[in-house]
Structure formats: structure tokens, C-alpha cells
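Coordinates in review
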Amino acid sequence: MTELVKGMDVYAELSLLQVFNKKECQFNIASLVLVIEYLHSKSIIHRDIKPENIFIDEEGFIKLLDLGTSKFI
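Below is a short write-up of the structure. Residue positions within a chain follow its written sequence, with the count starting from 1. The predicted nature of this model means local features are confined to residues of pLDDT at least 70 and side-chain atom pairs, given and counted, to a pLDDT of 80 or more, with totals for whole chains, interfaces and linings taken over all residues. Only heavy atoms go into the side-chain values, all of them from the structure, while hydrogens and water stay out.

Below, the discussion takes up the nonpolar core. By convention a nonpolar core is built from buried Ala, Val, Leu, Ile, Met, Phe, Trp, Tyr and Cys residues, the set being connected through side-chain atoms within 4.5 Å. Each residue is placed in one exposure class: buried if its accessible area under a 1.4 Å probe, protein chains only, is under 20% of its type's maximum, exposed if it is over 50%, and partly exposed if it falls in between. Core analysis: the largest hydrophobic core is formed by 9 residues, namely Val-10, Phe-20, Leu-32, Leu-39, Ile-44, Ile-54, Ile-56, Ile-62 and Leu-64. Secondary structure elements follow DSSP: runs of H or I no shorter than four residues count as helices, runs of E no shorter than two count as strands, and numbering proceeds from the N terminus. Sorting the residues of this core by element identifies α2 (22–41), β3 (54–57) and β4 (62–64) as the ones contributing at least two each.

Criterion used throughout: strands pair if DSSP finds at least two bridges between them. Strand order across the open sheet formed by 3 strands is β1-β3-β4, with antiparallel pairing between neighbours. Both outer strands of the open sheet, β1 (7–9) and β4, are each paired with one neighbouring strand and no more. If you compare each strand with its neighbour and ignore which way they point, the axes differ by 30° on average. Here β1 runs beside β3; their pairing, made up of 3 bridges, is antiparallel. By the bridge assignment, Gly-7 is partnered in β3 with Asp-57. Packing against the sheet, helix α1 (residues 10–17) makes contact with β1 and β3, and its axis sits at approximately 95° to β1. Every residue pair with non-hydrogen atoms within 4.5 Å of one another is taken to be in contact. Axis definition: a line fitted to C-alpha atoms, limited for helices to the stretch in contact. Angles are taken between N-to-C directions and run from 0 to 180 degrees. Its contacts with the sheet place α2 against β3 and β4, and it is angled at close to 40° to β4.

Moving on, we come to α2. To estimate the expected span of a helix, count its residues, drop one, and scale the result by 1.5 Å. An ideal rise of 1.5 Å per residue puts 28 Å on 20 residues; α2 measures up with 29 Å between its terminal C-alpha atoms. Taken together, the buried positions of α2 are occupied by Asn-28, Ser-31, Leu-32 and Leu-39. Angular distribution of buried residues about the axis of α2 spans 100°; they occupy a single face of the element. Facing away from the buried surface of α2 by more than 90 degrees, the exposed residues are Lys-22, Lys-23, Ile-29, Leu-34, Glu-37 and Ser-41. Where α2 is buried, its residues meet β2 (44–45), β3 and β4. Pairs of N or O atoms within 3.5 Å make up the polar contacts considered here, provided that, within protein, one atom can donate a hydrogen while the other can accept it, and that residues adjacent in sequence are counted only when both atoms are side-chain atoms. In this structure Asn-21 caps α2, since a side-chain oxygen of it lies 3.1 Å from the backbone nitrogen of Lys-23. In the segment just after α2, Ser-43 is the residue with positive phi, at about 60°. Taken from the helix axis, the directions to the C-beta atoms give the arc we talk about.

It is worth spelling out the pattern of salt bridges at this point. A carboxyl oxygen of Asp or Glu within 4 Å of a side-chain nitrogen of Lys or Arg is what we treat as a salt bridge. A complete count under the given rule lists 1 salt bridge for this structure. Between Asp-48 and Lys-50 there is a salt bridge, with the nearest N and O atoms lying 3.8 Å from each other.

Here the focus is the pairing of β3. Residues Ile-54 and Ile-56 point to one face of β3 and Phe-55 and Asp-57 to the other, with burial holding for every one of them. Strand direction decides the pairing type here: β3 and β4, joined by 3 bridges, are antiparallel. Bridging from a neighbouring strand, Ile-56 pairs with Ile-62 of β4. Counted along the chain from β3 to the antiparallel partner β4, the turn is 4 residues long, and its residue Gly-60 has a positive phi close to 95°.

Listed below in C-alpha cells is the structure:
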């Protein structure tokens, strides 16, 4: 079952805001690093990381989507 993510992707959010403030950038990048680190700990490589595949939910947390191109190593 797929989780419903309410929010918008980073690309759309940047299109609206034009810029993230420094604290938002630091939080989002740190969150993304933790997501990638978790996937790697499960021997999964996400091969399509781009702003359109990174969602920010209503609470401001990162969700990495489109695991269809991921690969187990």
C-alpha cells in the first residue's frame, strides 16, 4: 500500500517561493541525506533523485518518491 503524501514537490515549491531560506535548506538537505543513508543501509540505490521526486509534506518533512528506478545492490 502506498502512503498518501499531502504537500508539494521541491520543484513546485521552488517555483512558488523562488528561494528557500537558509534554515529550510539546511533541514531539507539534512533530511534528504538521512533518507539516502537509510536506503543505502537497506542496500537500495535510488537512481532518479531530482526536485520532482522529493516531496515536502504538510509538516515540512522530506519524502523521496519514485522508487521505480531504484536498484538493490
